[in-house]
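What follows is the residue order along each chain.
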Number of protein chains: 2
Amino acid sequence: MSDPARRPHVVVLGGGFGGLWATRALAGAPVRVTLIDRANHHVFQPLLYQVAAASLSGPDIAAPLRHIVRRQDNVTVLLEEVQGIDVAARSVRTGAGEYEYDWLIVATGSTHAYFGDDEWAAHAPALKTLDDALAIRRRILSAFEYAEREPDPLRRAEWLSFVIIGAGPTGVELAGTLAEMAQHTLAREFRHADPRRATIHLVEAGPRVLGAMPERLSAAARRKLESMGVRVHVDSAVTEVDQTGVRMGDERIAARTSLWAAGVAASPLSTGLPAERDRAGRVKVAPDLSLPGHPEVFVVGDLAHVEQGGRLVPGMASAAKQMGSHAARIIKDRLAGGSSRAFRYRDYGSLASVSRAFAVVDLRGVEMSGFTGWLFWLFAHILFLIGFRNRFAVMWNWAWSYLTWQRNARIIVGRDREDREAAE
Amino acid sequence: MSDPARRPHVVVLGGGFGGLWATRALAGAPVRVTLIDRANHHVFQPLLYQVAAASLSGPDIAAPLRHIVRRQDNVTVLLEEVQGIDVAARSVRTGAGEYEYDWLIVATGSTHAYFGDDEWAAHAPALKTLDDALAIRRRILSAFEYAEREPDPLRRAEWLSFVIIGAGPTGVELAGTLAEMAQHTLAREFRHADPRRATIHLVEAGPRVLGAMPERLSAAARRKLESMGVRVHVDSAVTEVDQTGVRMGDERIAARTSLWAAGVAASPLSTGLPAERDRAGRVKVAPDLSLPGHPEVFVVGDLAHVEQGGRLVPGMASAAKQMGSHAARIIKDRLAGGSSRAFRYRDYGSLASVSRAFAVVDLRGVEMSGFTGWLFWLFAHILFLIGFRNRFAVMWNWAWSYLTWQRNARIIVGRDREDREAAE
């Protein structure tokens, strides 16, 4: 049809689930697409905790964005940091210059919120990117090394004490895998510090773990965690985090390693958008996911505040994919002379893996826990992993770990001491 | 037999091939062994270039030291930087305090030598550790990304130009794999910069590539490299390296990415040893590999200057392993009342992979090149990889790459721009 260079220009910000699914849904459409991300890869975020826990290597759960969309010839991928959005001028400012758009899809996701206490970030790092996962892996593995050479028993116990703040799926998964690492993987490899004496604390401000799940599953997950030695603290809001521990009101846990799996906040880029926002900074979008007053701008994924049936659509991969595809579909429809339709979220449920061979699954009607849940979890994760090769590599790594309790990625790169000193 | 805590204490510095093979050879001996390394892992260095070239992930070629020696109960592994050696006091100074020894095995290896021009290091990084490999991977992959968004054709060509300095095995292997990456792996994934137009320069001060190999194999490797588009410059000593290129006398190559695969120098730790040294800083050891005047101190691996038949024993994995085992054997013999024996190097030859399906192999009598050589290379590398799991993972990755030309680890972690800005 038309000259490709004169086709409408769709700029997609972010190569996570929202942005990538939007880009893919524009395959074959009469548009030029520019997909901008500051990383060169898409990350399968639901398995990021396994990279942090040394079970998988980074490349196992990531694929280069350019590789994923290589056959889609209306897409240009740009590795660049977005600095600002000017909706009046319809342009996006990046380190490589300005990009004008006819349509914009903002899918820059969320970042971690420390509820105003940003200095906590240095002591309790959060898990959002591959870089984060590698830094957390380094921190966890190094803690056991520090314990090994600490002669003072009290300080050694501090190095063998871990606090995970936030008991949503990521917090629960981290606590479970850390307990297994200490009890099994590392068990016999130290001479002075016994990893089996490590204590894993899971701290949650709300009344139960996995608060978004049905109570029965919450209870099952908690029982399983406790059976593995994890100490679960509910109704415990964290009031202080420093390099030697975490305080929750009157109670204090001495621990040299804290990880943050609590609040999320909208990516800072969204502050440039002229729109109403919720408390977490998410943009309140129109029913079709567009920015109110700007039908050419869509906000999708974790960044979008969308309510359905009185409930917020959750910040999950499946919701982000659905929103990305929806925005793309509307652009195609409108280019074809059609009109917008409201987004309808199809809720397939949620799931969390507590340990090897134990997961909880809520399919909105069907609930599973234990081994059955874990088989379902396994199947779902393998199925949704991007790229055949990664799927196979992950399967192999899991099978190996399952049989041997070993983890393939117990490699420290970078210097943990520098991270910790920078935090002081 | 005796109280384990009162057994003679052997301190091993370095968990590379020399130190690890020494440690393993002390299994069952009536000694306590402390193995100190600043990394938590042993790296299979011969495949480090494949991590840099995004074919393998770090954990594929590395295994935690503690895991390797977990069943050897006379060994304690310590993750620590060694700060100095005091041979008079028989002690080693580390960040975690002093360690006294009865026997010392120094296996801290080599580092890269920039022939006095240390500022070159920032512009032409070298490949020695996993951290180096990840930084080089980031640099290579980022160069193609910068090229993609560079509008000026001259500057774009600079981003697509790569110089590898030094045509020993590492330089040849890097040049070959980089050419393949540009010609095949990345070929169709960019819209503005065509990776197939990348130029790979291999610069060597000596008269031929793979100078330590027989001339016939050198020539075969060179022909193969040139058939892949690599520009080979021999008799070309580098006189200047900066962020925009490399100068060799009157000639200059404009290139935004330079990699160093040339000189090596002994690890700086060796300067604390009271001994004669060669020009590269290697310690001239006694025939039994001990430090002259200090029969309780051994120097093994790349750090040791050992001549045999008038030739220097090369800085290769197999030589380091043999030296490590030899030092351990002498300690055991002497504890049993025996005497020292001279080290005899068994030269099994050397090999280098030029491209997929093409390697050159010199078995000191039998020479192979091309596909046969590559099959031998493949077999030897799989065989010698530490740990069954890694072997399988590497095999799988190779098979996959071989069939698809894809690479599994094309993931940029960290920020290349920060590396480059720090260099300016």
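Keep in mind that this is a model prediction, so the values were computed, not measured.

A. Spatial organisation of the confidence of the model for chain A. Mean pLDDT for chain A: 92, with 98% of residues reaching 70 or above. Interface confidence in the predicted complex, given as ipTM, is 0.89; pTM for the same model is 0.92.

B. Representation of the pairing of strand β7 (residues 91-94) of chain A within the structure. Residue and element names in this part refer to chain A. Alignment of strand β6 (residues 82-86) against β7, held across four bridges, turns out to be antiparallel. Residue V82 lies in a different strand from β7, and its bridge partner there is T94. Between β6 and β7, which pair antiparallel one after the other, the connecting turn spans four residues, and R90 there sits at a positive phi close to 50°. Pairing of β7 with strand β8 (residues 97-100) involves four bridges; the strand directions are antiparallel.

C. Representation of a negative patch on the surface. A cluster of like negative charges, contributed by A:D86, A:E98, A:E100 and A:D102, occupies part of the molecular surface. By the secondary structure assignment, A:D86 is in strand β6.

D. Looking closely at a nonpolar patch on the surface. All names here are of chain A. Taken together, the side chains of F371, L375, Y402 and L403 define a hydrophobic patch exposed on the protein surface, amounting to about 410 Å² of accessible area. If you list the elements that add at least two residues to the nonpolar patch, you get α10 (371-384) and α11 (388-404). As for its position among the elements, L375 is in helix α10.

E. Representation of the relation of the copies chain A and chain B within the structure. Once chain A is rotated about the relating axis by 180° and shifted along it by 0.0 Å, it coincides with chain B to within an RMSD of 0.0 Å. Read as a symmetry element, the transformation amounts to a two-fold axis. Ranked by how close their C-alpha atoms come to the rotation axis, the residues of chain A are headed by A:S57, at 3.5 Å. In this assembly, 100% of the residues forming the interface of chain A have copies in chain B that are likewise at the interface, indicating an isologous arrangement.

F. Examining the interface of chain A and chain B more closely. Contact residues are listed per partner, giving 51 residues for chain A and 51 residues for chain B. Of the roughly 4400 Å² buried between chain A and chain B, counting both surfaces, carbon and sulfur atoms make up 55%. Here chain A is connected to chain B by four salt bridges. A:R149 is the partner of B:E80 in a salt bridge, and the nearest nitrogen-oxygen pair spans 2.7 Å. Where chain A touches chain B, the interface holds 24 residue pairs in polar contact (both at pLDDT 80 or more).

G. View of the sheet that holds strand β26 (residues 358-362) of chain A. Residue and element names in this part refer to chain A. Reading across the sheet, the three strands line up as β25-β26-β27 and stay open at both edges, with antiparallel pairing between neighbours. The open sheet terminates on both sides in strands that have one partner only, identified here as β25 (350-355) and β27 (367-370). Going from strand to strand, the sheet's axes swing by 10° on average, the running direction of each strand aside. Looking at chain direction, β26 and β27 are connected through four bridges and run antiparallel. Among the inter-strand pairings, V361 is bridged to a residue of β27, identified as M368.

H. Layout of the pattern of salt bridges. Residues and elements named next belong to chain A. Across all of its chains, the model carries 34 salt bridges over all chains by this definition. Salt-bridge contacts for R256 lead to E158; the nearest nitrogen and oxygen are separated by 3.2 Å. On the criterion of sequence distance, the pair formed by R256 in the loop between β16 (251-254) and β17 (257-260) and E158 in helix α6 (residues 153-159) is long-range, its members being 98 residues apart. The class for R256 is buried, based on a relative accessible area of 16%. For R247, the salt bridge goes to E240, with nearest N and O atoms at 3.6 Å. We classify R247 as partly exposed; its relative accessible area is 27%. You can call E240 partly exposed: its relative accessible area is 34%.

I. Quick look at the packing of helix α5 (residues 130-148) of chain B against helix α7 (residues 169-185) of chain B. Residues and elements named next belong to chain B. Close contact between α5 and α7 brings their axes to 13 Å; oriented N to C, the two are set at 35°. Handedness of the α5/α7 crossing: right-handed. Where α5 abuts α7, its residues I140, L141 and F144 lie against L178, M181 and A182. Per-class residue counts for the contact of α5 with α7 are six nonpolar, no polar and no charged.

Conventions adopted
Residues numbered from 1 in each chain as written. Chains lettered and ligands numbered in written order. Predicted model: local features only at pLDDT ≥ 70, side-chain atom pairs only at ≥ 80, totals over all residues. Heavy atoms only, no water. pLDDT = per-residue confidence, 0-100. Pairing = 2+ DSSP bridges. Helix = DSSP H or I, 4+ residues; strand = E, 2+ residues; numbered from the N terminus. Patch = residues over 30% accessible without salt bridge, like charges linked within 9 Å, V, L, I, M, F, W, Y side chains within 5 Å. Areas by Shrake-Rupley, 256 points an atom, 1.4 Å probe, with all protein chains shown as cover. Salt bridge = Lys/Arg side-chain N within 4 Å of Asp/Glu carboxyl O. Lys, Arg positive; Asp, Glu negative; His and termini not counted. Charge placed at Lys NZ, Arg CZ, Asp CG, Glu CD. Least-squares fit on C-alpha atoms with pLDDT ≥ 70 in both. Contact = heavy atoms within 4.5 Å. Buried area = accessible area lost by both parts, 1.4 Å probe. Polar contact = N/O pair within 3.5 Å; in protein donor to acceptor, adjacent residues only side chain to side chain. Axes fitted to C-alpha atoms, helices over the stretch in contact; angles between N-to-C directions. Buried < 20%, exposed > 50% of the residue type's maximum accessible area, 1.4 Å probe, protein only. Left-handed = near helix turned anticlockwise from the far one by under 90°. Nonpolar A, V, L, I, M, F, W, Y, C, P; charged D, E, K, R; others polar.

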